[in-house]
Amino acid sequence: MEQLTEAQRVQLAETVLQITNMMPGGFFVYRASGGEELLYANKALLRLFNCETMAELREHTGNSFRSMVHPEGRGSVEASIREQIQQNSFDLDYVEYRIIQKGGEIRWVEDYGHFVHSEILGDVFCVFVGDATEKYQRRMEQLESISRERLRHLEVIEGLSMDYTSIFYVDLDNNHLQAYRIGPRIQGQFPNGRQSCAFEGFAEEYIASWVHPEDREAISRALDVAALREKLSREKYFHVNYRIMIGERVEYLRMQVVSVSEDGRTSQLIIGMRSVDDEIRKGMRQRETLE
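Cut-offs applied
Residues numbered from 1 in each chain as written. Predicted model: local features only at pLDDT ≥ 70, side-chain atom pairs only at ≥ 80, totals over all residues. Heavy atoms only, no water. Pairing = 2+ DSSP bridges. Helix = DSSP H or I, 4+ residues; strand = E, 2+ residues; numbered from the N terminus. Axes fitted to C-alpha atoms, helices over the stretch in contact; angles between N-to-C directions. Salt bridge = Lys/Arg side-chain N within 4 Å of Asp/Glu carboxyl O. Buried < 20%, exposed > 50% of the residue type's maximum accessible area, 1.4 Å probe, protein only. Polar contact = N/O pair within 3.5 Å; in protein donor to acceptor, adjacent residues only side chain to side chain.

A.B. asks: Go over the sheet that holds strand 1 (residues 26–31) with me, naming the residues and quoting the values.
C.D. replies: Ordered by their spatial adjacency, five strands build an open sheet running 2-1-5-4-3, and the pairing between neighbours is antiparallel. Where the open sheet ends on each side, the last strands, each with one partner, are strand 2 (38–41) and strand 3 (92–100). With strand direction ignored, the average angle separating the axes of adjacent strands in the sheet is 25°. As defined by bridge partners, strand 1 adjoins strand 5 (residues 122–131) across six bridges and the pair is classed as antiparallel. In the sheet register, Phe27 faces strand 5, and the bridge partner there is Phe128.

Structure (structure tokens):
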């Protein structure tokens, strides 16, 4: 810069301004201390705030970065920037916040800032900013969808009640099983306090160790992925009664399977297992009495 003539410096400054004004996203510079005075903003930032001129933007924002941020987020945004600059060796920060456009509409923005020490301007932040409103709305919709889905799962699980000694959520598309309650005879599938595993084959050890030999094929068939999809495509839930062996004693159990998918693809389901020994044996005694 020292080797340039005054005319060349002016031409360079004008070129830089032209480049920043051609940027598709917003760019601005503000002082890092004091009142965080707004020093420069390109045309894209003016459009983002729904302003026509720099003077209009200064008036609307109070000519400071702090006033550019929605009042409810100012403290947290500034604290985040300070913390990131202190911890980042490259003096970079990233924050998301709301702004209020001229006219009153609220928009979300992504802010990529760089702290710079300038001999001429002192300590300043150079900031690239873009409208992130649609991205934020999509994220909120996804979170809401996940929350609704989790609530639906918990409602089904709650509906299974405390009678069920084992309750699992299964995602067939991702071959994933999440345990919500683990019965004593199936704990071997979840060592070291683990609560999740691959769905396919998860019950093989349980079937081989506990299920009555005559019922093993039926349980294996009921837990087959293709069979589950086919069965639950026709009805939302079904159950299978089976027997387990506890030494020489036989106990009757029921496996309940409930589809919780909303997309019609039969990809998500809840599996619960509980003892129906008293019910089965009572029915058997009643049949014997009738006979």
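The structure having been displayed, the exposition proceeds.
A.B. asks: Help me get a handle on the pattern of salt bridges, residues and values and all.
C.D. replies: Applying the stated rule across the entire model yields 17 salt bridges. Taken together, the salt bridges that share partners define one network made up of Glu105, Arg107 and Asp131.

A.B. asks: So what's going on with the side chain of Glu78? Residues and values would help.
C.D. replies: With respect to the helices and strands, Glu78 occurs in helix 5 (residues 74–87). Overall, the relative accessible area of 12% leaves Glu78 in the buried class. At 2.6 Å, the side chain of Glu78 and the side chain of Arg66 are in polar contact.

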